[in-house]
Amino acid sequence: MGNAHRPDIRRAVFLDRDGTIAQYREYCCRPQDFRLLPGVGHAIRTLNHAGLAVIVMTNQSAIARGWLTGDVLEQIHRKMRRALSRVGARIDAIYVCPHHPDDGCACRKPGIAMLQQAAKDFELSLASSYVVGDRMLDVLSGRAAGSQTILVRSGHRLEPTNGVTPDHEAQDLSEAVAWILQQEGLQAGRGRPLAAARGPSDHAGVQR
Ligand SMILES: [Mg+2]
Ligand SMILES: [Zn+2]
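Bear in mind that the values here come from a model prediction, so they are computed numbers and not experimental data. (Residues numbered from 1 in each chain as written. Chains lettered and ligands numbered in written order. Predicted model: local features only at pLDDT ≥ 70, side-chain atom pairs only at ≥ 80, totals over all residues.)

Quick look at the overall build of the chain now. On a plain count of helices and strands, the chain comes out with 6 helices and 7 strands. Listing the helices and strands of the chain from first to last along the sequence gives β-α-β-α-α-β-α-β-α-β-β-α-β. In the chain, buried positions account for 44% of the 208 residues. Restricting to contacts in the chain with at least 6 residues of sequence separation, those with at least 24 account for 68%. (Helix = DSSP H or I, 4+ residues; strand = E, 2+ residues; numbered from the N terminus. Buried ≥ 20, exposed ≤ 12 C-beta atoms within 10 Å, placed from the backbone. Contact = placed C-beta atoms within 7 Å.)

The next point concerns helix H5 (residues 136-145). What sets the pattern is the α-helix's 3.6 residues per turn: residues three or four places apart point alike. Burial runs high along H5: 7 of the 10 residues are buried. Turning to H5, its buried residues number three or more, namely Met136, Asp138, Val139, Leu140, Ser141, Gly142 and Ala145. On its buried face, H5 is in contact with strand S1 (12-15), helix H4 (113-122), strand S4 (130-133) and strand S5 (148-152). A positive phi of about 85° marks Gly146, the residue just after H5.

Let us now look at the confidence of the model for the chain. Overall, the prediction assigns the chain a mean pLDDT of 89, with 86% of residues at 70 or greater. In this model residues 190-201 is a low-confidence stretch, pLDDT under 50, and it forms 21 contacts with partners more than four residues away in sequence or in other chains. (pLDDT = per-residue confidence, 0-100.)

In most cases, non-glycine residues show a negative phi, while peptide bonds are predominantly trans. Between Lys109 and Pro110 the backbone carries a cis peptide bond, its omega angle lying at 15°. Considering the arrangement of structural elements, one finds Pro110 in the loop between strand S3 (93-97) and H4. Even without being glycine, Glu123 reaches a positive phi, approximately 50°. By secondary structure assignment, the location of Glu123 is in the loop between H4 and S4. With phi around 45°, Asn162 is a residue other than glycine that occupies positive phi space. Topologically, Asn162 is positioned in the loop between S5 and strand S6 (168-170). Asn162 sits in the exposed class, given 8 other C-beta atoms within 10 Å.

A few words on the environment of Leu140. Its place among the elements puts Leu140 in helix H5. Residues Leu140 and Pro166 lie 26 residues apart in sequence; the distance between their C-alpha atoms is 8.5 Å. Apart from residues no more than four positions distant in its own chain, Leu140 is found in contact with Pro110 and Val164.

What follows is about the packing of helix H1 (residues 40-49) against helix H6 (residues 173-183). Interaxial distance between H1 and H6 falls to 8 Å at its minimum, and their mutual angle equals 20°. By the angle between their directions, the pair H1 and H6 is classed as roughly parallel. Note that H1 runs across H6; the crossing there is left-handed. Residues Val40, Ala43, Thr46 and Leu47 of H1 pack against Leu173, Ser174 and Val177 of H6. Considering only residue class, the contact of H1 with H6 consists of 5 nonpolar, 2 polar and no charged. (Axes fitted to C-alpha atoms, helices over the stretch in contact; angles between N-to-C directions. Parallel < 35°, antiparallel > 145°, perpendicular 65-115°, else oblique. Left-handed = near helix turned anticlockwise from the far one by under 90°. Nonpolar A, V, L, I, M, F, W, Y, C, P; charged D, E, K, R; others polar.)

For the rest of this paragraph, the subject is the pairing of S3. The element S3 is extensively covered by neighbouring structure, given that 5 of its 5 residues are classed as buried. Neither face of S3 is exposed, since Ala93, Tyr95 and Cys97 on one face and Ile94 and Val96 on the opposite face are all buried. In the sheet, strand S2 (residues 53-59) pairs with S3 via 5 bridges, with the strands oriented parallel. When the bridges of S3 are listed, Asn59 appears paired with Cys97. (Pairing = 2+ DSSP bridges.)

See the structure below:
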């Protein structure tokens with residue numbers, strides 16, 4: 001199918017954090033444990049230049065488990081933004097689910113409350129947006145929201161798909177971005193100028 005390039009439709013690339021932007025760890029509870037994966041800065045900058053909003057969407061049950069505070073999470077995200085800004089890359093917003101899997105919240109992926117909140121905050125068309133992640137819960141969330149889904153193999157071990165297949169599979173975020181640009185009818189480095197996304201830049205959790 002593919003998105004015809006429609007500047008009038010505001011769309012986003014939703015990025016999972018651990019295993020997609022950063023080296024996979026089951027729980028990242030200290031800034032010194034957070035490391036960007038190779039190439040993600042340039043990949044994100046390419047999305048910025050293409051005029052797509054770049055929004056991080058991450059499950060952080062370590063908060064509910066008491067292993068991570070909101071303060072330390074903010075430090076980790078500052079480190080992420082700083083590292084990205086060194087190559088001129090920008091994340092427009094970060095949405096966090098701080099809940100425990102047993103809490104039954106709507107925001108924990110594969111739930112779609114974070115996607116819906118971002119769509120509201122940034123006036124996005126989810127049907128024209130993309131979800132990139134290293135786990136099936138990312139794919140399931142994107143699929144449930146009607147977005148195009150890309151599974152990257154840069155993080156978590158491969159999981160059973162139970163019949164749900166992503167729209168695309170990629171080695172890493174760079175490859176995923178190349179595919180997205182193809183869908184958009186764009187080539188790297190040839191995007192429109194930045195269409196700055198509106199809205200608050202950080203979201204310390206979607207409330208249940
Ligand atoms: Mg992940
Ligand atoms: Zn939640």
